[in-house]
Amino acid sequence: MFLFIINFLLHSLNGFRILDVGCGDCYFLKKIKQKYPLSILHGIDIIYNSKCKCDGIDHIIYDGTHWPKNLGKFSTIFCMNVMYHITDKANLINHFLHALDENGTIIITTKSNKNLQNLERIHTKACELLRLDPNIKGNLVSEFCSENSQIILSKILRGTGKRIKQKFNLCSTIIASNKEELKKYFSSCYRYSINRSDYKRITEKLIDDYDIFVDYHIEQVIVIG
Ligand SMILES: C[S@@+](CC[C@H](N)C(=O)[O-])C[C@H]1O[C@@H](n2cnc3c(N)ncnc32)[C@H](O)[C@@H]1O
């Protein structure tokens, strides 16, 4: 999905100001930096991640509700695989609209409800195995999935002058047939606010439970402008 966005959607963005909300470990921003070195890149998240340290990427931590002051305006705001963690989506999108240039673009991504349910199951199982408090998962509000993202976003965008301009559903199949591949897969689908050492223990425990693992994914990219 990241490659699709960088190679297909971002052609015209070199030198522009980009904000990635819920940037995680800044993997996506680093990829943009490689391809479009003149871009001005900002990432914000509610969790500090030391991997984000990178020349040319401004990384800010905030409380998830109150928008950071003096963040400025952006030509593109990304919010990828984050909306299903957010209870008050209208509040977050209003912040995006205030922080967006007049002709700016918002790009939101989400997954199919089936994939979200699968992640929920993996998480619940991991919590059982490790006897972790299930509340550490944060908010996973799976109503925001590819099946009903359009209805939710159209309601929030009504009267704002912005609308959904394009929508892509990308399919991919992931097959892991050995422990190393499986470990990579679980690491890449980390979707919860669990600290790094707990997460490492979770993946190690889960790997013992599978021989072969197949996951069919639908990732949705929504372009708002
Ligand atoms: C599933 S990860 C996605 C990371 C990255 N965007 C990606 O697609 O790989 C969700 C991220 O959203 C962050 N997050 C959760 N609630 C948030 C909020 N209210 N504002 C910003 N980020 C938030 C989490 O800390 C986590 O880094």
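Small disclaimer: the values here were computed from a predicted structure and weren't measured. (Residues numbered from 1 in each chain as written. Predicted model: local features only at pLDDT ≥ 70, side-chain atom pairs only at ≥ 80, totals over all residues. Heavy atoms only, no water.)

## As for the side chain of T110
Mapped onto the elements, T110 comes out in strand β5 (residues 100-111). The exposure class assigned to T110 is buried, which follows from its relative accessible area of 0%. A distance of 2.9 Å separates a polar atom in the side chain of T110 from the backbone oxygen of F144. If sequence neighbours within four positions are ignored, T110 has contacts with N81, Y84, F144, C145, S146, S149, I218, E219 and Q220. (Helix = DSSP H or I, 4+ residues; strand = E, 2+ residues; numbered from the N terminus. Buried < 20%, exposed > 50% of the residue type's maximum accessible area, 1.4 Å probe, protein only. Polar contact = N/O pair within 3.5 Å; in protein donor to acceptor, adjacent residues only side chain to side chain. Contact = heavy atoms within 4.5 Å.)

## A short note on the pattern of salt bridges
Scanning the entire structure with this criterion turns up two salt bridges. The salt bridge involving E219 is made with K111; its shortest N-O contact spans 2.7 Å. With E219 in strand β7 (residues 213-224) and K111 in strand β5, this pair connects stretches of sequence that are 108 residues apart. Classification of E219 by relative accessible area gives buried; the value is 14%. Note on K111: relative accessible area 3%, which makes it buried. (Salt bridge = Lys/Arg side-chain N within 4 Å of Asp/Glu carboxyl O.)

## Remarks on the packing of aromatic side chains
The way to describe two aromatic rings as a pair is by their centre distance and the angle between their planes. Summed over the entire model, instances satisfying the criterion amount to eight aromatic pairs. Between F2 and F28 the ring centres are 5.0 Å apart and the planes differ by 45°, which places this aromatic pair in the tilted class. Placement of F2 in helix α1 (residues 2-9) and of F28 in helix α2 (residues 27-35) is noted, with a sequence separation of 26 residues between them. A residue is classified by how much of its surface remains accessible, and F2, at 26% relative accessible area, is partly exposed. For F28, a relative accessible area of 2% corresponds to the buried category. Among the aromatic residues, those joined into a ring-pair cluster are F2, Y27, F28 and F78. (Phe/Tyr/Trp six-rings, centres within 6.5 Å; stacked < 30°, edge-to-face > 60°.)

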